[in-house]
2 protein chains.
Amino acid sequence: MKPYVEMTKEELQELRKQLHVQYKEFQGKDLRLDMSRGKPSTEQLDISMGMMDVLSSNDDLTCDDGTDCRNYGVLDGIKEAKELLADMMEVAPDHIIIYGNSSLNVMYDTVSRSMTHGVMGSTPWSKLDKVKFLCPVPGYDRHFSITEYFGIEMVNVPMTPTGPDMDMVEELVANDDSIKGIWCVPKYSNPQGISYSDDTVRRFARLKPAAKDFRIYWDNAYTIHHLYDRDQDHLIEILAECKRAGNPDMVYKFASTSKVSFPGSGIATIAASQNNLVDIMKQLKIQTIGHDKVNQLRHVRFFGDIHGMVEHMRKHADIMRPKFEAVNQILERELGGLGIGEWTSPKGGYFISFDSLNGCAKAIVARCKKSGLVMTGAGATYPYGKDPRDNNIRIAPSYPPLSDLILAMELFALCVKIVSIDKILKES
Amino acid sequence: MKPYVEMTKEELQELRKQLHVQYKEFQGKDLRLDMSRGKPSTEQLDISMGMMDVLSSNDDLTCDDGTDCRNYGVLDGIKEAKELLADMMEVAPDHIIIYGNSSLNVMYDTVSRSMTHGVMGSTPWSKLDKVKFLCPVPGYDRHFSITEYFGIEMVNVPMTPTGPDMDMVEELVANDDSIKGIWCVPKYSNPQGISYSDDTVRRFARLKPAAKDFRIYWDNAYTIHHLYDRDQDHLIEILAECKRAGNPDMVYKFASTSKVSFPGSGIATIAASQNNLVDIMKQLKIQTIGHDKVNQLRHVRFFGDIHGMVEHMRKHADIMRPKFEAVNQILERELGGLGIGEWTSPKGGYFISFDSLNGCAKAIVARCKKSGLVMTGAGATYPYGKDPRDNNIRIAPSYPPLSDLILAMELFALCVKIVSIDKILKES
């Protein structure tokens, strides 16, 4: 096929008729496909079921240091869990706190605390006239929801193949002290699957923010979520790099085992400098007596150590890899060379990002929905749900079984074609 | 023995010598006893160990409605858990939200949200010049820590044998719109073990607060934590009573299974009116994707229903009852009639409250500590840690084994005697 823009009006109209016949066929199938969120599949959940067996009534639920995990206490997490997650986070165990089940909750609480109590002694953000966050776009909708909820103004920063546009980031944070943070998913980013280059990470660590309470919100959600055994992205560890650059307190690093063990029943963690951890603990000791240590112990007993966790992630990869490859193959087969869409081919994470012709994303997602395929809402990858070019769509291949996914992507590609033709015809 | 105040100076001095010999004997025993917190004993934790067996890798972790508890979703709790905890809370399932592991965390988040976003559309408290909470005293130190952390001014309200001084509560909330809340532990209160009378609950429900965003923080921590099978305190259900009184939105009710299953690994809940729940959910959907549903299911499978939970609480009672009775017997035997202390005899909960002669509590706790017995810090039962009469001490009998508890209470009584004599002699 030649690019659509090189086709005549008549060719496009004829093609559209054929595509519409195919579309009607899809509608007749009464599909119910959900690709809206980055949810693990049932098959993936099954590989963690051994977690249900590692603690039984015959087991001693005591830590090496004598802590009874069944009782109150230990605010920052049991030693064994800190070691395991510190290895996952690539930091020392004394640089992390273990939380409850959700890193999103930790991020929310971090922003909330900054609103009410400031950051390491700074003015509480709620007392300031204006607070801004930089938001690399496209990005993660739940990040943007947090900052929007707190009335924080979000400033779009374009993503590039090596990470956020660092010229823009450097310029903005250096000259505007109302900019207090930036949302980052530095590895296998949501939704593009981009990993920040070494140069990008180094430039992050060397930022010279006008605001002393500026923090990088480094959501390393996909730190061990590779698709391949060898062909993996590597990310410079940001805490150490910030320390080397003389900015030890500038970053909070977040992660959880949500997509390692069970979403919603995993354990979350923050890694930060001692100064930041002291600041956080001042609040945490008021907020709770402690998190779920039995679940921490369950994770430790199940994974053993970071090697066990990495081996476990290979099982996830074995399930995820064919799905990512299928998406890529179908898009390539159906849309390759047509000039109506581009997409990423990540080596890990949970998402593939699709860029349609400008002004087509909403229409594509709506058309998919009409025939039973729910995609992430168009616009969701931008602050306030506003994609200025209306061209970005997040593809989440994880949840449907492979056979459904193939069907879904064929339908998706078909919708892209139809909507693109409509747009080209309209503008011709 | 006759009351100390009726003894001559010489008699007291002679008695003091004898008591000091006993005290030295205690010091020689090198005791390490901790009665500082309301922690369940190891024996109590053991009775819940069956929880570790109810979910195995052979089990289906799916709810009746098809929800896979292992995956993301269901923000307000699985249906089965809502039914179980609704019965525990004595409300309908659609009036509750299931949270994570800590009701304290829920209370913190509730205050925090009110600071940043107000209550059902009211001005965020952080934008107000002054926010106050009423604090029935003596009360729970962790409640006071939350309000202190947010810079909320705490106003002491004396407890009476039927609950807080309601004349004072009514007067204050009706005339001061900066009063936004009151901390209550209405059943087997912390630390006195007092349950609010029917009249007190009715007066609470009929409050006419000047502030529309005034809320009763009803921490029903010990709702099913009775010591006896029949001789139980009963509390009028506050949500229903507020609704009947035309104040449906005036109360948040909190509880958890921390002292039912495992502290730190239980499930927490809030009960409130639909209006309040809608307000809460607006925030909750930003804060998290959902709480730990596997643990919710674990609780449901273990307890079955409220009857199972109540039967389970009888096992706790069988362990707690002898401890409460021992404390009462030793205090009666050692201090009865001496006029140097009064204490409560609760029918449930986790604490006994001891009132010494004025100005003696700190000295008693300090003297206990010197001989190896750690009590809750004197003053902890008052906002800002300031007990104006320095006479209240919280006794937490749950954690030590009975034999240790007996020793601890004998030592405690001895310290009370010595410190009381010192005070009487000093003032004579």
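Residues numbered from 1 in each chain as written. Chains lettered and ligands numbered in written order. Predicted model: local features only at pLDDT ≥ 70, side-chain atom pairs only at ≥ 80, totals over all residues. Heavy atoms only, no water.

Where an unreviewed UniProt entry is consulted, chain A appears under the name Aminotransferase, with the organism given as Lacrimispora celerecrescens.

Colleague: Summarise the overall build of chain A; cite the residues concerned and give the values.
Modeller: A tally of regular secondary structure across chain A gives 13 helices and 13 strands. For chain A, whose C-alpha radius of gyration is 23 Å, the value lies close to the compact-globule estimate of 22 Å for 428 residues. Overall, chain A is about 75 × 55 × 35 Å in size when its C-alpha atoms are taken along their principal axes. Here chain A holds 428 residues, and the buried ones make up 61% of them. Taking as baseline every contact in chain A between residues at least 6 positions apart, the subset at least 24 positions apart corresponds to 76%. Entry remark: accessible area of chain A is about 16,000 Å², with carbon and sulfur atoms responsible for 48%. Averaged over its 51 positive side-chain charges, chain A has a centre that lies 4 Å from the centre of its 58 negative ones. (Helix = DSSP H or I, 4+ residues; strand = E, 2+ residues; numbered from the N terminus. Rg over C-alpha atoms; globule rule 2.2 N^0.38 Å. Buried < 20%, exposed > 50% of the residue type's maximum accessible area, 1.4 Å probe, protein only. Contact = heavy atoms within 4.5 Å. Areas by Shrake-Rupley, 256 points an atom, 1.4 Å probe, with all protein chains shown as cover. Lys, Arg positive; Asp, Glu negative; His and termini not counted. Charge placed at Lys NZ, Arg CZ, Asp CG, Glu CD.)

Colleague: Which residues make up the environment of B:Thr200, and what values do they have?
Modeller: Residues and elements named next belong to chain B. Looking at where Thr-200 falls in the secondary structure, it is placed in helix H7 (residues 198–205). Given a relative accessible area of 3%, Thr-200 falls into the buried group. Linking Thr-200 and Pro-186, residues 14 residues apart in sequence, is a C-alpha distance of 9.6 Å. Excluding anything up to four places from it in sequence, Thr-200 contacts Thr-162, Gly-163, Pro-164 and Met-166.

Colleague: Quick one: what's the story with the interface of chain B and chain A, residue by residue and with numbers?
Modeller: Tallying the contact residues gives 60 residues for chain B and 60 residues for chain A. In total, about 4,900 Å² of surface goes out of reach between chain B and chain A, with carbon and sulfur atoms giving 53% of it. Taken together, chain B and chain A are joined by two salt bridges. For B:Arg70, the salt bridge identified is with A:Asp46, shortest N-O distance 2.8 Å. (Buried area = accessible area lost by both parts, 1.4 Å probe. Salt bridge = Lys/Arg side-chain N within 4 Å of Asp/Glu carboxyl O.)

Colleague: Quick one: what's the story with the environment of A:Met115, residue by residue and with numbers?
Modeller: Looking at the element boundaries, A:Met115 is found in helix H4 (residues 103–117). Assessed through its relative accessible area of 8%, A:Met115 is described here as buried. Put simply, A:Met115 and A:Phe204 are 89 residues apart on the chain and 23 Å apart in space, counted from C-alpha to C-alpha. The residues touching A:Met115, leaving out its near neighbours within four places in the chain, are A:Pro124, A:Trp125, A:Ser126, A:Phe150, A:Ile152 and B:Thr116.

Colleague: How would you summarise the sheet that holds strand E11 (residues 352–356) of chain A if you had to cite specific residues and measurements?
Modeller: All names here are of chain A. If you walk across this open sheet you meet the three strands as E10-E11-E13, and the pairing is antiparallel. Strand pairing shows two members of the sheet lacking a second neighbour, strand E10 (341–343) and strand E13 (392–395), which therefore form its edges. On average, each strand axis in the sheet is tilted by 25° relative to the strand beside it, whichever way the strands run. In the sheet, E10 pairs with E11 via three bridges, with the strands oriented antiparallel. For Glu-342, the partnering residue across the bridge sits in E11 and is Asp-355. (Pairing = 2+ DSSP bridges. Axes fitted to C-alpha atoms, helices over the stretch in contact; angles between N-to-C directions.)

Colleague: Got a sec to walk through the sheet that holds strand E6 (residues 179–184) of chain B? Specific residues and values, please.
Modeller: Through backbone hydrogen bonds, the strands of a sheet pair up, either in parallel or in antiparallel fashion. Residues and elements named next belong to chain B. The eight strands lie next to each other as E2-E9-E8-E7-E6-E3-E4-E5, forming an open sheet whose pairing is mixed. Two strands in the sheet have a free side with no partner beyond their single neighbour: strand E2 (96–98) and strand E5 (163–164). The pairing of strand E3 (residues 132–137) with strand E4 (residues 153–160) spans six bridges and is classified as parallel. Note that in E4 the partner of Val-137 across the bridge is Pro-158. Across the face of the sheet, helix H3 (residues 79–89) comes into contact with E2, strand E8 (251–256) and strand E9 (268–271) while running at roughly 125° to E2. Each of E3, E6, strand E7 (215–219), E8 and E9 touches helix H4 (residues 103–117); the most contacted strand, E8, lies at about 150° to it.

Colleague: For the domain arrangement of chain A, give the residues involved together with the corresponding values.
Modeller: Residue and element names in this part refer to chain A. Splitting chain A by domain gives domain 1 (4–45 + 310–427) and domain 2 (64–304). Computed from C-alpha atoms alone, the centre-to-centre distance between domain 1 and domain 2 is 30 Å. Every contact between the two is made by 29 residues of domain 1 and, on the other side, 33 residues of domain 2. The junction of domain 1 with domain 2 conceals about 2,900 Å² of combined surface from both sides, 60% of it contributed by carbon and sulfur atoms. When residues of domain 1 are sorted by the area they lose upon contact with domain 2, Met-313, Lys-347 and Tyr-384 head the list and together hold 24% of the total. On inspection of domain 1 and its partner domain 2, the count reaches four salt bridges. Between Asp-141 and Arg-37 there is a salt bridge; the shortest N-O distance is 2.8 Å. Summed over the shared surface of domain 1 and domain 2, the number is 14 residue pairs in polar contact (both at pLDDT 80 or more). For the side of domain 1 that touches domain 2, the secondary structure elements donating two or more residues are helix H11 (306–335), E11 and E13. The leading source of residues in the side of domain 1 that touches domain 2 is H11, at nine residues. Here the residues of the side of domain 1 that touches domain 2 are counted per class, giving 14 nonpolar, nine polar and six charged. (Domains from an automatic or database assignment. Polar contact = N/O pair within 3.5 Å; in protein donor to acceptor, adjacent residues only side chain to side chain. Nonpolar A, V, L, I, M, F, W, Y, C, P; charged D, E, K, R; others polar.)

Colleague: Now, about the packing of aromatic side chains: what can you tell me, with residues and values included?
Modeller: Residue and element names in this part refer to chain B. Using the criterion set out here, one finds 36 aromatic pairs over all chains in the structure. Pairing Tyr-222 with Tyr-350 gives two aromatic rings, centres 5.9 Å apart and planes at 25°, and the pair type is stacked. On the criterion of sequence distance, the pair formed by Tyr-222 in the loop between E7 and helix H8 (238–244) and Tyr-350 in the loop between strand E10 (341–343) and strand E11 (352–356) is long-range, its members being 128 residues apart. The buried category is assigned to Tyr-222, whose relative accessible area is 4%. We classify Tyr-350 as buried; its relative accessible area is 2%. Between Tyr-222 and Phe-351, the ring centres sit 6.5 Å apart and the planes meet at 85°, which makes this aromatic pair edge-to-face. With a gap of 129 residues between them, Tyr-222 in the loop between E7 and H8 and Phe-351 in the loop between E10 and E11 connect regions that are remote in the sequence. (Phe/Tyr/Trp six-rings, centres within 6.5 Å; stacked < 30°, edge-to-face > 60°.)

Colleague: Give a description of the packing of helix H11 (residues 306–335) of chain B against helix H13 (residues 402–427) of chain B that names residues and reports values.
Modeller: Residues and elements named next belong to chain B. Packing of H11 against H13 brings their axes to within 9 Å, and their N-to-C directions diverge by 30°. Here H11 lies roughly parallel to H13, going by the angle between them. The element H11 and its partner H13 pack so that their crossing is right-handed. Within the contact between the two elements, H11 uses Pro-322, Lys-323, Ala-326, Val-327, Ile-330, Leu-331, Arg-333, Glu-334 and Leu-335 and H13 uses Leu-402, Leu-405, Ile-406, Met-409, Glu-410, Phe-412, Ala-413, Val-416 and Lys-417. When grouped by side-chain class, the residues that make up the contact of H11 with H13 number 13 nonpolar, no polar and five charged. (Parallel < 35°, antiparallel > 145°, perpendicular 65-115°, else oblique. Left-handed = near helix turned anticlockwise from the far one by under 90°.)

Colleague: Give me the lowdown on H4(B), citing residues and values where you can.
Modeller: Residues and elements named next belong to chain B. Compared with the 21 Å implied by 1.5 Å per residue over 15 residues, the 20 Å span of H4 between its first and last C-alpha is a close match. When you tally the buried positions in H4, you get 14 out of 15 residues, the bulk of the element. For H4, the side-chain oxygen to backbone nitrogen distance between the N-cap and Leu-104 is 3.3 Å, and the N-cap itself is Ser-102. Of the residues flanking the end of H4, it is Gly-118, one or two places downstream, whose phi is positive at about 70°. (Expected span 1.5 Å × (residues − 1).)

Colleague: Any chance you could break down helix H5 (residues 141–149) of chain B for me, citing the residues and the numbers?
Modeller: In an α-helix, one turn spans 3.6 residues; hence positions three or four apart end up facing the same way. Taken residue by residue, H5(B) has B:Asp141, B:His143, B:Phe144, B:Ile146, B:Thr147 and B:Tyr149 as its buried positions. Note on H5(B): the residue one or two positions beyond its end, B:Gly151, has a positive phi of about 70°.

Colleague: Provide a residue-level description of the side chain of B:Asn105, including the pertinent values.
Modeller: If you trace the backbone, B:Asn105 turns up in helix H4. Note on B:Asn105: relative accessible area 15%, which makes it buried. Setting aside its immediate chain neighbours within four residues, B:Asn105 contacts A:Gln287 and A:Thr288.

Colleague: I'd like a description of unusual backbone geometry, backed by residues and values.
Modeller: The phi torsion of most residues other than glycine is negative, and most of the peptide bonds are trans. All names here are of chain A. Note the cis peptide between Val-137 and Pro-138, where omega equals 0°. On the secondary structure map, Pro-138 appears in the loop between strand E3 (132–137) and helix H5 (141–149). For the bond running from Asn-190 to Pro-191, omega is 10°, close enough to zero to count as cis. Topologically, Pro-191 is positioned in the loop between strand E6 (179–184) and helix H7 (198–205).

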